[in-house]
Amino acid sequence: MKIKVSFILNGLQVTVETEAHRRLLDLLRDDLNLTGTKEGCAIGECGACTVVMNKLAVNSCLVLAGQIDGAEIITIEGLMKNGALHSLQQKFIEKGAVQCGFCTPGMIMSAYALLLSNKNPDEEEIKEAIAGNLCRCTGYKQIIEAIADSEI
Amino acid sequence: MIPELEIIKPFSLEEAVDFLNDHPAEARIIAGGTDIIPGLMQGSKRFTGIKYLVDLQQIDELKEIIADSENITIGALLTFSQMINNDSLKNNFPLLVKSASTVGSVQIRNRATVAGNFINNAPCADSVPPLLVYNAKIKLLGVNGNYEMPLSDFLIKPYFTRLKTGEIVTQIILPKPKKEFIGDFYKLGRRRGVAISRITLAALIQIEDNKLGEIRLASGAVSPIGMRFFDLEQKYSGSVISDKLLKNISSDLGKEILKVTGLRWSSEYKVPVTQQAMYLLLERICSAHKQVK
Amino acid sequence: MNDSFSIVGKKVFRQDAYAKVTGQAKFADDINFPGQLFAVMVRIASAHAKIKSIDYSEVINDSRLIKIIDHSNIPGNKLVGPIRNDQPIFCFDKVVTPGDVICMLIGENVDDLNKLKRKVKIDFEELPVLNDPLKSLEENSPLIHPEFENNLIIHYPLRKGNIEKGFADSDYIIEQTYRTAFVEHAYIEPEAVIAIPQETPNSVKIVGSIQNPFTCRKVVASVLNYPLANVRVIQAELGGSFGGKDDTMNILSARAAIGAMITGRPVKIKYTREESILESYKRHPYILNYKVGAKADGKITAMKIDIIADGGAYSSMSPFVTWRSVVQATGPYEIENVQTDVRAVYTNNPYTGAMRGFGSPQPIFAVESIMDELAIKLNITPDEIRRRNCFTSGSFTASGQKLEKHDVNLIKVLDTAVQKSGFKEKWIKYHSLQEFKSLEHKNLSFNDADSLILKEQDYLNNQNYLRKGIGLAVSYRGCSLGAEGIDAAAAYLSLQNDGSLFLLCGLSENGQGLRTTLSIVAAEVLGLTLDKIIYLDQDTSLIPDSGPTVASRATLMGGGAVKNAAVEIRNRLEKLLVDEWNLAGDAVFTFANDKVKYFGGGAKEISFNELCALAYKKGISLSAMGWYKGPDVHWNEETGQGSAYFTYVYGCQVAEVTLNMATGEVFIDNLIAVHNPGRVINLLGAEGQVYGGVTQGAGYALWEEINSEKGFIKELNFDQYLIPTAKDVGKIKPYFIEGRDIYGPWGAKSLGEPTLELTAAAIANAVRNAAGKRFFNLPLNLEEIFLGKKLKAESLNRGSA
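Residues numbered from 1 in each chain as written. Chains lettered and ligands numbered in written order. Predicted model: local features only at pLDDT ≥ 70, side-chain atom pairs only at ≥ 80, totals over all residues. Heavy atoms only, no water.

Visitor: Looking at this structure, how should I read the interface of chain A and chain C?
Guide: How big an interface is tends to be stated in terms of accessible area lost as the parts join. Counting residues at the interface gives 43 residues for chain A, matched by 52 residues for chain C. Roughly 3800 Å² of surface becomes buried between chain A and chain C when both sides are summed, with 60% attributable to carbon and sulfur atoms. On the surface where chain A and chain C come into contact, there are 21 residue pairs in polar contact (both at pLDDT 80 or more). Those elements giving two or more residues to the side of chain A that touches chain C turn out to be helix H2 (87-94), helix H3 (104-117), helix H4 (123-130) and helix H5 (141-148) of chain A. When residues in the side of chain A that touches chain C are grouped by element, the largest group, four residues, is from H2(A). Counted by class, the side of chain A that touches chain C contains 20 nonpolar, eleven polar and twelve charged residues. (Contact = heavy atoms within 4.5 Å. Buried area = accessible area lost by both parts, 1.4 Å probe. Polar contact = N/O pair within 3.5 Å; in protein donor to acceptor, adjacent residues only side chain to side chain. Helix = DSSP H or I, 4+ residues; strand = E, 2+ residues; numbered from the N terminus. Nonpolar A, V, L, I, M, F, W, Y, C, P; charged D, E, K, R; others polar.)

Okay, here's the thing in structure tokens:
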């Protein structure tokens, strides 16, 4: 059964017709063509599908379409402002925080949610914030540096 | 693949209870969804036949934290993140907040609820041992109205509770411990980040003049479900604190756990380590007490 | 050119990072084609079974199904494999491991297909299951592949000197057995591929998460029975591979291609994490028996090594993986008398193949452990025993190869690591803490409940339950493929007449940063700034077959090819300037910052874009194909003697750990990694390789393990298969010692794998230093440390892991 869901996506009001049991992840990737959000495990362990929902980092594989009516959702595609990279995106480039790049969008969204509530996180706070984002390439060091250097 | 289902969003508890009772076999409450959605995704037998998920997010009273002189009552939809950021809970129930901060990842804690944690009743539910040592009670709502029950009675066996079809856990009532209680929570996982617990322990004790007053001990993961050790607590209440005593308590805990679990594949590791961890925990609590004095 | 570089060795930002941080980079599953169908795999729950019949009657007429594909639809080779063709695209006679696929269903909706696949009725007869590689060669063991006479995949002997005499001459002998586990690559992107039929008859395009597009093309062409030119493989952005998206992806591509050619529509296959871990190959578990004889002064006189590698159900890369093991098994030590036997065998376990390190982490763990044991026995420090035995310039390896034509700077590497970490003092201090009895958990017994209850004296307290340890490990590593195969690579450079440049190499960007590394090489030669370079998509139809992107060979071989092409173009441009400016033929120019300068009598200067425009006007070719071929190497299969690799790199890692004696937890406080990669091209990327490799190595050391219970895998997702998170590894500090080499661009060789191969060994030695006791089985998880053995869960169900 199709339902109508309205929410704010990357600053724009959107309304989609979809099924209640569809995962937010699939809605973003398949229906809205926002493929920056990635699927790595489908059980909330890898964090590749992290988006920011109502100012909090969530795994979009663990949120159903029927749960997002009225929510405010930001994906990696919503971070740039007026064609300029967000500070996090710029620092990820400069610090070498990107290798294969598959975890990068989710990692940046977790970091973004962290900065929303904590403007000057220390190293331990950064590690805690991204502990739910698995990266197999970088060993996290340059990611942590990049986040520490970023501003909201 | 998530099976086709509808999400029902009642505006009141009554509406929710009615719906649950009208669809006893097919409706299930969804709180944070961090157990149920992966369960559905993987076709877990525990979640087959669900046609309706009842999402309680619109019911604001389930998100409230109410403090009075005796208790802090938290709504069943409180997430672990909300719990971690609440000063009143931090001050009164530090073990619970500590355990909350070890649950999953930030993403999980932003969704998962403490009520969901014990309703799911996995052996490794991190918040259960602290809730037990704080003598948490839960408030349930069914067709016959509200009633309360100690959490320790509510939990039956892994993945089973006394929650009846058509009932909702609405609140968790946490009696404020007397000031002189001191305690700690311990969790062992295979790694530091986002770890499923191998062992959890909670100890809350009263120390009076080098004697143990009331003591409350609970474990998780190493026991089939989170559980208190009432016999042990009684046995050692009133004892003079000594290094030997703390070791005896810990060894007795090992015996109690073995009684409950029998010998399992993991006993060879978990049973000795649990004793050792409990001893270290008790030693730390007692020395913290000395320092406070 | 001299060694003063304008860009080489600096911290350079990746060119592809912009697309990746904005979410615009297109990974395989981000790409869809009009009319695209999906395919899902059908398997049976068995590790070894004879397929008796397959009944499609319940699905064949279902409207949700478009086509069923099985072995009968394969026009070409039904069996594939990099060395031995033993792996079926679709199983037809039997299943030999639970990841095996019998058929696939094609339709428009994956959910529908997943429902339908349960209705395919497969009648099978269970066969005896072989899980223990030590039993593979026993006479009554079940034959995994009856077409071969036994379960032996390969045996490599190596004989040097006189082993009996070596042991007879020794004062001390140590013999120990070490074991390592199955390990999953755990790239965060699961496998995905799309096959698209092309307008030309009998031709197909493949777009996917493919590590080695040319190998993939070869497999797809052989399965479809097409000429190579009819199969075009394009690499999507690759979400991590680490050696893992090779065989599996080639087979998936072949399946998708058959589906696409039969349906006439694009077919996508996308794996869940569970399917990925179930079907993809793993790192080989090794059982390694080492016997070492040494004189009282620490000089090793003999080393006897016997290794069994579990190849699992298919041979895959086992013959190459174990060949690297036989070459490097003694470690970087000059030993006169060596006898090594490495065997890879079939079992019904998940099959094993290439993974970063490729047959080196296992023997390094064993040999570096036993070197420490030898040091302790001889009462010298671990760095000292290594100094007394390790390779120097002109040393001979176990295979009799003389180390020459490159800096054999292992001692410098070792000394740097020892000095930077304060190794010696710390090691002696921790080692001397003998008042703490070594970790002995008495006689804990599964069957005896009483033994599990601690006595008063058993308890550790808050003052003594944590211990510190420090450990080091050294290695040498042959660069590139060695005697495994032909070693050559191509690169294409096309300068535009405004000075911008297209670049493409036959080796692949797998996330490691190759595009940027190769762009730096071109930029250095031509004096370009990096923003002028556009790196093209990897496409088998546009560039010559350069072999696989493996063996840490891409910088060395690809860089060599890019440099050759760039130098060729530069020579043409220089010749043009000599003519234009009337200079002597040997005039020296500098190419830097988009300018070309001549400093001889009467300095001259031209901007690079003007120069390109001029060349274009004069009809001078601005494009070139560079080719780089490694020198010949050779190997004697009978004796294990020969020049295995044409050059080597050296590394040393020092781990400092805190050991929780109460629980068996190990935390890595510090890890110092000193590597000689020859030449660092991109410092930012090189440091990233170290951080990443060390972290993977830490996972290998402490947590990662696939348990194959009768062939079935318990750890099918990241809740059970534990890779390090951001919280799990302490500080990592890389140091690079550069060395001169005649090969590769300015001597740049290998780094990716050396960073990983040492870590587990260094950690194991640090744990030994802390515990006063040796642990023999990776991973050094809680139970291994606490009990000295692994505990296995009784069921495969999820739960407290």
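Past the structure itself, the notes keep going.
Visitor: What's the story with the pattern of salt bridges in this structure? I'm lost.
Guide: It is possible for side chains bearing opposite charge to pair when their charged atoms get close. All names here are of chain B. All chains considered together, the criterion is met by 74 salt bridges over all chains. A salt bridge links Arg-216 to Glu-214; its shortest N-O distance comes to 2.9 Å. Look at Arg-216 and you get buried, because its relative accessible area is 8%. The class of Glu-214 is partly exposed, set by a relative accessible area of 30%. (Salt bridge = Lys/Arg side-chain N within 4 Å of Asp/Glu carboxyl O. Buried < 20%, exposed > 50% of the residue type's maximum accessible area, 1.4 Å probe, protein only.)

Visitor: Explain unusual backbone geometry here, please?
Guide: Note on backbone geometry: most residues besides glycine have negative phi, and most peptide bonds are trans. Cis geometry marks the peptide bond from C:Leu778 to C:Pro779; its omega dihedral reads -5°. Looking at where C:Pro779 falls in the secondary structure, it is placed in the loop between helix H17 (759-771) and helix H18 (782-787). A positive phi is found at A:Asn82, a non-glycine position, where the angle reads about 50°. Given the relative accessible area of 82%, A:Asn82 is considered exposed.

Visitor: When you look at the sheet that holds strand E5 (residues 72-74) of chain A in this model, what are you seeing that I'm missing?
Guide: Pairing between sheet strands relies on hydrogen bonds along the backbone, with the strands arranged either parallel or antiparallel. Residue and element names in this part refer to chain A. The sheet built from five strands is open, its strands ordered E2-E1-E5-E3-E4 with mixed pairing. Single-partner strands in this sheet number two, and they are strand E2 (12-19) and strand E4 (56-59). The average undirected angle you get between the axes of adjacent strands in this sheet is 40°. Along the sheet, H3 makes contact with strand E3 (50-53), E4 and E5, crossing E3 at roughly 30°. (Pairing = 2+ DSSP bridges. Axes fitted to C-alpha atoms, helices over the stretch in contact; angles between N-to-C directions.)

Visitor: Explain the pairing of strand E3 (residues 52-55) of chain B to me, please; I cannot follow it from the model alone.
Guide: Remark: a regular strand shows side chains that alternate across the two faces of the sheet. Residues and elements named next belong to chain B. Side chains of E3 alternate between two faces, with Tyr-52 and Val-54 and Leu-53 and Asp-55 buried alike. By the bridge criterion, four bridges tie strand E2 (residues 27-30) to E3 in an arrangement that is parallel. Paired with Ile-29 across the two strands is Val-54, which belongs to E3. Viewed along the sheet, the connection from E2 through helix H2 (residues 36-41) into E3 turns out right-handed. (Right-handed = clockwise from strand over helix to strand, strands pointing away.)

From the geometry alone we can't say anything about function, so treat these as descriptive.
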